[in-house]
Every structure is written in C-alpha cells, then in structure tokens.
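For reference, the chains in residue letters:
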Amino acid sequence: MRLPLLFVLLLPVCLSSFAQTSEVRGRVVDANLKPVEFATVLLQNLNRSTFTDSAGYFFFRLARQYASPEINLKIAVIGKKTIEKTVQVSDAVSVFILEDESLTLAEVEINQVRKKQQSNSSIVFDRPALDQIQAFSLADVLNNLPGKKTLAPNLQSPQTITLRTEATGLQAMNNSFGTAIIVDDIQLSNNANMQNRSVGKFGVSGSEIGSQKYGTFDTPFSGLDIRDIPVDNIESIEVITGVASAKYGDLTSGAVIINRQAGKSPYQFSTRINGASTNLSLSKGYILGKKWGALNMSVNYLSSLDDPSDLTKKYTRVNSNAMWTSYLFKNFKNTLSVDYSSRFDDVRLDPDDDLLLKSFAKSRSYSISNRSSLNLKGNIAKRLDMSVGYSNAYSETYSQRRFNSSPLAIADKDTTNAIYEGYLIPGQYTSVEHIKGNPVNINGNISLANEVYTGKVLHQLSIGANIYYARNHGQGIIVDPTVPRWANRNYQNERPYSYESLPDIFNYGLYLQDNFKLKILHKDLTFNPGLRYDVQNGQANLQPRLNMSYTVNNKIELNAAYGISTKGPSLAHRYPSPVYVDIPIKSVSNGSVNESLALFYTDRILPDNGYLKSSQSNQLELGIRISEKYFSTSFFGYYKKDKDGFSTKENFKVYTLPEYTITTLTGGKPIATPNGNYFTRIATVNTVGNSTNSDNYGLEWSISSKKIKAIETSITLNNSINYSYFKLSEESMRQTNQAMIDAGKKAWIAIYAPTELVNWNLMSKVSTATHIPQLGFVINLLADISWMTRQKTNQATNRPIAWMDKDLNRYEIPVFDPQNEDYGHLEDKSNSDSEVSIPFPVANLSIRIAKEIRKKIRLSINANNFLNVKTRYYNTATQSVQTLSVPTSVGAELSIKF
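Residue indices begin from 1 for each chain and proceed along its sequence in written order. Residue-level local features of this predicted model are given only where pLDDT is at least 70; pairs of side-chain atoms are given and counted only at 80 or more, and the full residue set underlies all totals for whole chains, interfaces and linings. Neither water nor hydrogens contribute to the side-chain values; these are computed over all heavy atoms in the structure.

1. What about the overall build of the protein chain?
In plain terms, the rule: Counting from the N terminus, the helices are the DSSP runs of H or I reaching at least four residues and the strands are the DSSP runs of E reaching at least two. Only protein chains enter the area calculation, which uses a 1.4 Å probe; residues under 20% of their type maximum are buried, those over 50% are exposed, and those in between are partly exposed. Residue contacts are defined here by distance: any two heavy atoms, one from each residue, within 4.5 Å place the two residues in contact. All accessibility values rest on the Shrake-Rupley procedure with a 1.4 Å probe; residue burial counts only the protein chains present in the view. His is not counted, nor are the chain ends; Lys and Arg add positive charge and Asp and Glu add negative charge. For charged residues, the charge sits on one atom: NZ in Lys, CZ in Arg, CG in Asp, CD in Glu.
In terms of helices and strands, the protein chain carries 7 helices and 52 strands. Seen through its C-alpha atoms, the protein chain measures out along the principal axes to roughly 105 × 65 × 55 Å. Taking all 898 residues of the protein chain together, the buried fraction comes to 52%. In the protein chain, the proportion of contacts linking residues at least 24 apart, taken out of those at least 6 apart, comes to 69%. In the form shown here, the protein chain has an accessible surface area of approximately 39300 Å², with 56% of it arising from carbon and sulfur atoms. Taken as two groups, the 95 positive and 81 negative side-chain charges of the protein chain have centres that lie 8 Å from each other.

Set out below in structure tokens:
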C-alpha cells in the first residue's frame with residue numbers, strides 16, 4: 001500500500017486556486033469604542049482565521065467565485081464575550097462591539113452547549129460555564145457531560161475520562177487510553193508512562209503500584225490523570241464524543257480540545273475550598289507592544305487531604321504557565337508556551353502501624369510548545385499551520401510493607417535455563433517496590449489549507465501530517481531481591497529492569513480533509529469527508545471519516561457521521577519487563593544459613609510484543625437539531641464498535657526438572673545429588689494481547705429553553721441511555737492448583753468461554769439557571785436522576801469448555817460432568833452469573849450560586865446533595881444495607897480582578 005504517494009499526488013490538486021479575489025473588512029472595538037487588538041476572528045464559512053491589528057481592524061480576502069452573499073464571523077478575545085454574527089459581504093467596514101464578560105450582561109450561557117464544531121455533536125464549555133462549575137480540575141468539568149454524574153471533587157485517586165461507553169475494567173482502560181487530550185493544538189500523551197510492575201506476573205490491569213488502603217495513583221495502560229489539569233487559565237473546552245475530523249490521530253474514543261487564555265487581562269486571583277481541599281491561582285495578561293503581542297502568565301496550587309482530621313493521605317499539585325503570543329510579521333501569529341507542573345500523592349507512615357505501610361507517587365514535568373499560523377495571499381495555499389510540543393517528566397512510585405514470617409528461599413540470578421543455589425532471607429523485613437521513569441513525548445503537526453472551486457462548488461481543502469514520539473529512559477524498576485514484596489508468586493520473582501536502553505516509539509500520520517456544500521432541493525447539504533493514513537507500531541492503518549449535515553429549513557438540520565480511528569500501543573504495552581520463572585527444586589533449612597540449601601531453576605523469558613495491533617473504533621452517528629423561538633433541541637444516536645483493545649493474555653509453560661536427594665552435614669552445607677527422577681511444574685506467564693472488544697449503543701436527547709423573562713430563568717434537560725456489551729475475543733484459561741497436580745489429575749489447565757458483561761444506564765440531567773443581570777447574580781439548580789443502572793455478568797467461567805494436560809494437549813468438553821475424574825475438579829463454584837441494578841430511581845440535587853460585585857469580585861458557593869438526602873435499601877442478596885446517595889459536600893470560591 002503506497003498511501004503516502006497518494007497524498008503527494010493529490011497535493012497539487014488540493015493547493016490550486018483561482019487568482020481573482022475580493023476583501024471583507026471589519027473593526028472590533030470594546031464597549032467604550034476603543035479598538036480591541038489581537039482578537040481572533042474566525043470566518044466560519046471557510047474555516048479561516050485572522051486577528052485584529054492595533055487599531056482593531058481585520059480583513060479576509062475572498063475568491064470572486066464565492067457565491068454566498070453572507071459570511072458567518074466568530075470574534076473572541078480573552079475577557080470579552082464571544083460574538084457570532086452573520087454579516088453581508090460588501091466593501092463597507094463592519095463594526096463589532098465586544099463587551100466585557102460579566103454576570104451583568106443580559107445573556108450569559110452558564111451551561112455546556114452542543115455545537116457543530118470539530119464534529120457534528122461536539123459539546124462546548126465556554127469561560128462563563130467553566131466559572132459556574134467552580135472546578136478544581138478538568139475532571140469536575142467533564143462530570144457535566146451527558147451520562148456522567150455530578151460529584152464532589154475527588155482528588156485522592158486518579159481520574160480518567162471515558163466517552164460513550166458504560167464498560168468497566170479493561171475496556172474502560174482502553175476507552176480512556178484512546179481519548180485524546182489536546183491543549184493549544186498539542187496532543188498530550190500517556191504513551192511513555194511505564195509506572196507499572198511486571199505484566200508477566202500481574203497482568204495489564206493489576207500491575208500498578210499502590211496503597212493497601214487508598215488504591216493506586218498511576219495510570220499506565222490507561223488515559224491521562226485529569227486531576228493534574230487545572231481549569232483557571234482555560235478559555236474553552238470542546239469535547240468530541242462523535243466522529244473527529246481527519247486531522248486528529250492516535251485516538252479511538254474521542255477528544256477533549258482545550259484552548260487556554262491568551263491576550264491582555266487584568267490580574268486575577270482565585271481561591272476555592274471544598275472539604276479538606278484548597279486551590280489557589282493567579283494569572284495576568286500583559287500587552288507587550290504592536291508586534292510583540294501579549295504575554296500571559298499563570299500559577300496554580302492545590303492541596304487536598306483525604307480526611308481533615310488525619311494527615312496520612314495528601315495530594316498536592318503545582319502548575320505554572322507562560323504563554324507569549326506574538327504578531328512579528330504581517331498575517332503571522334505565533335504562540336510560544338512554557339509549562340512546569342508537579343504532583344504528589346503521598347500516603348505517610350502511620351507511627352501506630354505495625355506493617356509500616358507507606359507509599360507515594362510523584363512527578364514533575366516541564367514542556368515547551370510552539371504553534372504558528374500564517375495567512376497566505378498566493379494561489380498555492382491560503383493558510384499554513386504548524387505546531388510542535390516537547391515534554392520531559394520525572395516519575396517516581398514507591399510502596400513499602402513490613403513482613404513477619406518464616407525465612408524465605410529466594411532466587412535472584414539474571415540467567416536462563418539454569419539450576420543454581422539460591423539463598424534464604426530472614427522472614428522479618430520491610431519490602432520495597434520502587435519505579436523511576438523519565439517519560440518524554442513529542443507531538444508535531446503541519447497543515448496547508450486552500451479553497452478550490454469545481455464549478456460552483458467551493459471545496460475547503462486541507463492536507464497535513466502528524467508525528468507522535470515517545471520514549472522513557474528512566475532508571476526503571478528498582479528491585480532489591482533481599483526484600484521482596486511478592487516472593488515466588490506464580491513461580492515468579494522480579495529483577496531490576498532499566499528503561500535506559502529501551503527502544504522509542506515513533507508513529508506518524510497523513511491526512512486529507514475536505515469541506516463543501518451542495519444544493520439538494522434548494523437546501524444546503526454539507527459534506528466534511530476526510531482520510532487518514534497512520535503508521536503505528538510499524539503497521540499501517542487507513543481511516544476514512546465523514547461528517548455531513550442537511551439543512552431542511554432555518555429550524556431543522558439533519559446530521560450523520562461515520563468514521564474509523566485507531567490508537568497504537570504504548571511503551572508499557574510494547575516493552576514489559578522480562579519474566580523470571582523461578583521454580584524451587586529443593587530447599588532445606590535448620591535456621592542456620594551455613595547449614596541450609598535452596599536450589600532453584602530459573603527461566604528468563606523476554607516478551608516480544610511487536611505483533612500488537614492498534615486498537616480500533618468504528619462509529620456511526622445520526623442526529624437532528626431543531627431550533628424554535630422558545631427552545632432548541634437535539635437528538636443523537638450512535639453505534640460504536642471497539643475492537644482489538646489491549647488485554648491480558650495467559651500463556652503456560654511446562655517444565656520437567658530433575659529431583660535431588662539431600663545429604664545433610666553437621667556444621668556444613670547440605671549436598672544435593674540428582675537421583676534420576678523428574679518432576680513437572682507449570683507456570684503461568686501473562687503477555688499483552690488484542691482481545692478486548694465491545695459494542696456500545698446510545699441515545700442522547702437535550703432540550704434547552706430560552707430565558708423566560710418573567711422569572712429570568714432558563715431550563716436545560718439532558719437525557720441519555722447508554723448500553724455496552726463487552727466480551728473478550730479469546731477464551732480464558734486458568735491453571736489448577738498444585739495439590740490437584742500432585743494428586744495425579746490429568747487436567748492441569750481449564751479453558752473457559754469468554755466472560756460477557758452487559759452494562760447500561762438511563763440518566764437525566766436537569767439544570768435551571770436563574771440569572772438576574774441587574775444584580776450580577778445567578779443561581780443554578782442541578783439534578784442528576786439515575787432512572788436505571790444495571791450491570792450484568794454472564795459468567796461463563798465457572799464450568800470449563802475444554803482442558804489441557806501436562807503436555808498442553810487440548811481436550812474438548814461437550815457437556816461438563818462434575819464427577820469426571822479427569823476434569824471435574826476444574827469447576828469454579830465461586831464464579832456465577834450476576835446482575836446488579838438499582839431497585840428504584842435515585843436523584844442527586846446540587847446547587848451553584850454566584851454573585852458579581854462591580855465586575856471585579858465574584859463570590860460563589862456550591863453544594864452537592866445540598867438537601868442531604870440519604871437513599872438506602874436493603875440488599876437481600878448480600879444481606880446488607882446499600883447506600884446509593886452521595887455525601888453532602890459544600891464548597892466556595894472567591895475570584896478578584898485587579
């Protein structure tokens with residue numbers, strides 16, 4: 001397949017255009033009629049952008065063939081209310097007035113809005129909506145999406161985002177891993193995260209280091225921890241849950257596109273509290289001069305305790321950013337950003353804890369990125385966009401635990417296929433798990449855009465390329481074999497594993513995107529087709545994508561979209577640590593090291609995951625939008641099939657080893673002599689596979705009223721029903737226990753049909769916003785209503801469908817017989833079909849109140865479950881009382897501009 005050549009051949013066609021042009025001019029001023037410089041002006045009809053000069057002027061050059069008499073403009077600048085307006089194409093200069101963002105404006109949108117931007121069904125949070133949420137992190141914002149629950153800030157455990165799925169476990173990890181977080185055109189990445197233990201020993205989903213009480217703190221094999229992303233300096237967030245345009249690669253689930261503030265702004269200090277969590281931020285935007293543009297600086301600090309009366313568990317975060325936006329040349333805009341961040345999840349040592357439990361996960365990172373946009377006057381292209389981002393981080397994870405047991409026999413040699421003498425360690429020691437990583441990521445993007453006419457049809461073409469680079473040359477897994485945490489588990493022990501010599505990951509993609517309109521029955525039919533070609537893990541993937549819409553009239557629009565997207569494996573998927581199978585041959589001890597002996601056989605297995613495919617998602621979406629005088633509504637339905645997700649695959653290896661006869665010597669080392677007999681052991685070794693699959697269906701209906709003037713209130717209702725069916729594509733296997741093997745049972749390995757999981761959720765989110773402009777006051781009442789939540793497990797893993805003997809020969813079981821002497825012992829009675837659901841609808845009521853004083857001071861409070869409703873029921877299956885309601889939490893925020 002020579003797809004890159006196709007893109008090269010299409011380049012001259014995509015970048016040819018007509019020479020005759022006309023211009024559209026405008027001027028942007030503030031409420032005092034003073035010019036607004038460096039405002040971004042987007043010509044939405046043609047997806048072109050420019051910026052205002054020091055006098056507030058801007059212009060666009062249009063081809064003479066541009067037939068529409070109207071253009072749609074969007075004008076935005078930090079601290080001002082964004083305006084979207086349709087104007088006539090003429091030689092006159094249109095004047096646009098931008099008002100300061102304030103609760104005293106007649107119209108303020110404090111809820112997220114569904115818009116057609118980078119996809120048909122994007123959900124957008126503008127700055128007023130972000131202010132109203134009073135968010136500690138990006139996680140608090142995304143909890144407002146349809147189907148998500150509005151919760152109090154959870155800062156004590158990692159938070160990742162899943163989109164359009166109700167799946168849990170491995171599939172949820174894959175969904176999150178495939179959700180792109182894009183900040184100022186740079187795609188953040190978790191591809192270099194290797195803060196995990198041995199996959200061979202623990203599998204994919206159980207390899208994180210954590211605390212016995214507080215869980216894990218890292219997110220390898222999953223998405224980014226969005227607790228670490230503050231919201232204070234963000235101007236807007238767009239969430240793509242549908243089909244993303246072809247310019248976005250290395251994703252399967254969707255994208256969260258973040259645009260940070262750039263431009264002149266006053267000092268703004270904000271502080272917020274909720275429970276034992278405190279957040280402080282300070283920002284300022286400086287104007288540097290005509291061409292030198294603006295410099296924005298911000299710093300954010302967060303501290304959170306799990307329990308205000310107990311200092312054991314604490315999470316802290318520091319973020320800082322400097323962003324320089326310059327206009328050094330005509331029609332050229334450049335933004336240079338430098339960021340530093342750190343976070344610390346710390347579980348301190350409790351002096352009263354005999355186990356000496358202690359753990360932490362900390363990281364610090366710096367990044368630098370640059371994006372440039374050049375508007376061109378020639379016929380080759382109308383715009384050139386480039387961006388590149390580099391990040392370098394230090395990650396460290398640590399856990400310890402005190403043991404008090406009998407002496408242990410340990411093997412620690414870095415050898416293979418060898419029998420040698422191990423040694424005994426005292427049973428009283430403090431075990432340590434320790435990983436140090438140095439993840440580095442680079443993302444680069446370049447695109448050319450032009451407008452080409454075929455007859456009277458205008459094509460807005462763009463062609464571009466992306467690169468994704470990841471490496472981790474950290475110290476790696478630090479192991480002291482004399483203080484093991486998981487000694488001889490599954491016949492395995494860990495060894496030190498350095499990341500310093502690991503290969504890097506380099507993926508790249510090319511794309512071609514078009515946007516054009518046709519007239520069907522005198523109405524606009526808009527097409528946005530695209531084609532991506534990605535190379536991930538050395539394998540090529542072709543991804544067609546299409547968003548289209550048909551304008552029935554000025555009130556009704558029909559939408560349809562289809563697309564394929566892929567996500568390549570991370571470094572942790574590709575290069576897990578070697579597996580050391582340590583099988584005890586013989587061990588004798590009388591308490592004296594000099595009179596003890598421990599023989600081991602060690603096999604070193606080097607995983608080769610070069611075969612891994614990219615995970616893939618196929619999504620079909622249909623929708624309709626209706627806009628009436630008093631309300632607007634939208635209805636979207638989707639089907640998304642995820643396949644080849646990353647999973648744990650069980651492998652088995654049989655070892656036939658010699659037996660030894662031990663001769664003890666008084667005061668000396670015992671002598672081991674082969675006696676001619678042999679014994680057999682079987683070891684389970686996990687690898688990474690592509691067996692995770694799910695089918696996801698959903699309906700999303702939203703309706704929003706215009707403000708009812710009599711009560712100054714608007715009402716928004718979001719309803720969603722989501723259904724996910726999850727099943728592994730491979731059978732699951734499990735080794736029987738050693739006692740059965742020693743008893744002479746023929747069946748050593750049980751083979752079970754894949755487990756099936758069905759999750760679905762029916763939920764409504766109601767929001768009323770009462771806004772009184774004269775008082776600068778808004779009160780927002782929210783209700784999350786879970787009508788039905790169900791999780792059903794069709795547990796096919798209790799009775800095997802086949803078995804394997806010691807030579808790994810397979811035998812089918814047509815009908816399972818629990819009395820069968822060969823395999824009857826393989827029945828797992830602990831596993832059975834299960835179904836969990838809420839017995840009745842459950843509602844959670846929240847409130848957010850904000851008051852603005854002279855446009856300078858904003859006081860806000862929020863309360864989750866503010867009526868302190870306690871919803872409980874008696875579960876007859878578990879014979880216990882289940883609590884469905886969330887605890888009441890109250891928070892407050894103070895924001896001052898000066």
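2. Describing the sheet that holds strand β24 (residues 418-421)
Applied cut-off: A pair of strands counts as paired when DSSP detects no fewer than two bridges linking them. Every angle, taken between N-to-C directions, lies between 0 and 180 degrees, and every axis is a line fitted to C-alpha atoms, over only the stretch in contact when it is a helix.
Strand order in the open sheet formed by 3 strands is β24-β36-β35, and the pairing between neighbours is antiparallel. With partners counted over all chains shown, the strands left at the sheet margins are β24 and β35 (579-588), one partner each. Each strand of the sheet is rotated relative to its neighbour by a mean of 25°, with strand direction disregarded. As judged from the 9 bridges shared by β35 and strand β36 (residues 597-605), these two strands associate in the antiparallel manner. Across the sheet, Pro584 pairs through a bridge with Phe600, a residue of β36.

3. Remarks on a nonpolar patch on the surface
To keep it simple, the criterion reads: Each patch is built from salt-bridge-free residues with over 30% relative accessible area, joining like charges within 9 Å and nonpolar side chains (Val, Leu, Ile, Met, Phe, Trp, Tyr) within 5 Å. Salt bridges are defined as contacts in which a side-chain nitrogen from Lys or Arg sits within 4 Å of a carboxyl oxygen from Asp or Glu.
Nonpolar side chains collect at one region of the surface, where Tyr267, Phe269, Leu280, Leu282, Tyr286, Leu288, Trp292, Met297, Val299, Tyr301 and Phe898 lie side by side and expose about 970 Å² of accessible area between them. Broken down by element, the nonpolar patch gets its largest block of residues, 4 residues, from strand β17 (residues 277-289). Mapping Leu280 onto the fold places it in strand β17. The partly exposed category is assigned to Leu280, whose relative accessible area is 33%.

4. Let's talk about the sheet that holds strand β11 (residues 186-188)
Spatial ordering of the open sheet is given by β8-β9-β14-β15-β10-β11, a layout of 6 strands whose pairing is mixed. At either end of the open sheet lies a strand with only one pairing partner, and these are β8 (113-115) and β11. The average undirected angle you get between the axes of adjacent strands in this sheet is 25°. Here 6 bridges tie strand β14 (residues 234-240) to strand β15 (residues 254-260), and the two strands are oriented antiparallel to one another.

5. Here we look at the packing of aromatic side chains
As a reminder of what qualifies: Ring geometry is summarised as follows: Phe, Tyr and Trp rings, the Trp one being its six-membered ring, pair when their centres sit within 6.5 Å, and such pairs are stacked at plane angles under 30 degrees, edge-to-face over 60 and tilted between the two.
What the rule picks out here adds up to 23 aromatic pairs. The rings of Phe38, Phe51 and Tyr327 are connected pair by pair, giving a single aromatic cluster.

6. Details of the pairing of strand β22 (residues 383-404)
When a strand is regular, its side chains alternate between the sheet's two faces. Across 18 bridges, strand β21 (residues 358-375) lies against β22 in antiparallel orientation. Paired with Ser359 across the bridge in β22 is Ser399. As defined by bridge partners, β22 adjoins strand β27 (residues 439-454) across 10 bridges and the pair is classed as antiparallel. Among the inter-strand pairings, Asp385 is bridged to a residue of β27, identified as Ser447. Bridge analysis of β22 against strand β26 (residues 428-437) gives 10 bridges, and the strand direction is antiparallel. Within β26, the position partnered with Arg401 by the bridge is Ser431.

7. Considerations on the pairing of β26
Examined bridge by bridge, β26 and strand β29 (residues 476-478) share 3 bridges and lie antiparallel to one another. Note on β29: the bridge partner recorded for Ile435 is Ile477.

8. Quick look at the environment of Phe777
Among the structural elements, Phe777 can be located in strand β44 (residues 777-794). For Phe777, a relative accessible area of 24% corresponds to the partly exposed category. Phe777 sits 675 residues away from Ser102 along the chain, and the two C-alpha atoms are 10.0 Å apart. Contacts of Phe777, omitting those with residues within four sequence positions, involve Leu103, Thr770, His771, Ile772, Ile849, Ala850 and Lys851.

9. Concerning the pattern of salt bridges
Per the counting criterion, the structure on display carries 42 salt bridges. Between Arg197 and Glu433 there is a salt bridge, and its shortest N-O distance comes to 3.0 Å. One end of the pair, Arg197, is in the loop between β11 and α5 (199-202); the other, Glu433, is in strand β26, with 236 residues separating them in the sequence. Both residues of the pair, Arg197 and Glu433, belong to the buried class. Notably, a salt bridge pairs Arg343 with Asp345, separated by 3.1 Å at the nearest N-O pair. There is no split in this pair, since Arg343 and Asp345 are both buried. Connected through salt bridges with shared partners, the residues Asp218, Asp225, Arg227, Lys313, Arg343 and Asp345 form a single ionic network.

10. Description of unusual backbone geometry
What you tend to see is this: most non-glycine residues have negative phi, and most peptide bonds are trans. Within the chain, Asp185 stands out as a residue other than glycine whose phi angle is a positive 75°. Mapped onto the secondary structure, Asp185 falls in the loop between β10 (179-183) and β11.

11. Here we look at the side chain of Thr252
Here Thr252 is to be found in the loop between β14 and β15. Every residue in contact with Thr252, bar those within four places of it in the chain, is listed here: Asn174, Gly178, Ser565, Thr566, Lys567, Ser615, Gln616 and Ser617.

12. Quick notes on helix α4 (residues 169-177)
The buried fraction of α4 amounts to 8 of the 9 residues, a majority that puts the element mostly inside the structure. Of the positions making up α4, those classed as buried are Leu170, Gln171, Ala172, Met173, Asn174, Asn175, Ser176 and Phe177. Where α4 is buried, its residues contact β10, β34 (556-567), α6 (571-574), β38 (631-665), β39 (668-705) and β40 (713-728).

13. Some points on the confidence of the model for the protein chain
So the rule is basically this: On a range of 0 to 100, pLDDT expresses the predictor's confidence in each residue.
Considering every residue of the protein chain, the mean pLDDT works out to 91; 96% of them sit at 70 or more. Note that pLDDT drops below 50 for residues 5-19; the model gives that stretch 31 contacts with residues more than four away or on any other chain.

14. Describing the side chain of Asn300
Note the threshold: Side-chain atoms alone can form a polar contact between residues adjacent in sequence; in general such a contact is a pair of N or O atoms within 3.5 Å, and within protein one must be able to donate a hydrogen while the other accepts it.
Residue position: Asn300 is located in strand β18 (residues 293-307). Residue classification places Asn300 among the buried residues on the basis of a relative accessible area of 4%. In terms of polar contacts, Asn300 uses its side chain to reach the side chain of Asp232, at 2.9 Å. A distance of 3.0 Å separates a polar atom in the side chain of Asn300 from a polar atom in the side chain of Arg317. If we skip the residues at most four places from it in the chain, Asn300 touches Pro230, Asp232, Asn279, Leu280, Ser281, Arg317, Val318 and Asn319.

15. Some thoughts on the environment of Gln774
Along the chain, the position of Gln774 falls in the loop between β43 (756-772) and β44. Along the primary structure Gln774 and Ala106 are separated by 668 residues, whereas in three dimensions their C-alpha atoms are 8.5 Å apart.

16. Details of the environment of Thr40
Mapping Thr40 onto the fold places it in strand β2 (residues 40-43). Exposure remark for Thr40: the relative accessible area of 28% places this residue in the partly exposed category. Those residues in contact with Thr40 that sit more than four places away from it in its chain are Thr50, Lys74, Ile75, Ala76 and Lys333. Only 3.4 Å separates the side chain of Thr40 from the side chain of Lys333, close enough to count as a polar contact.

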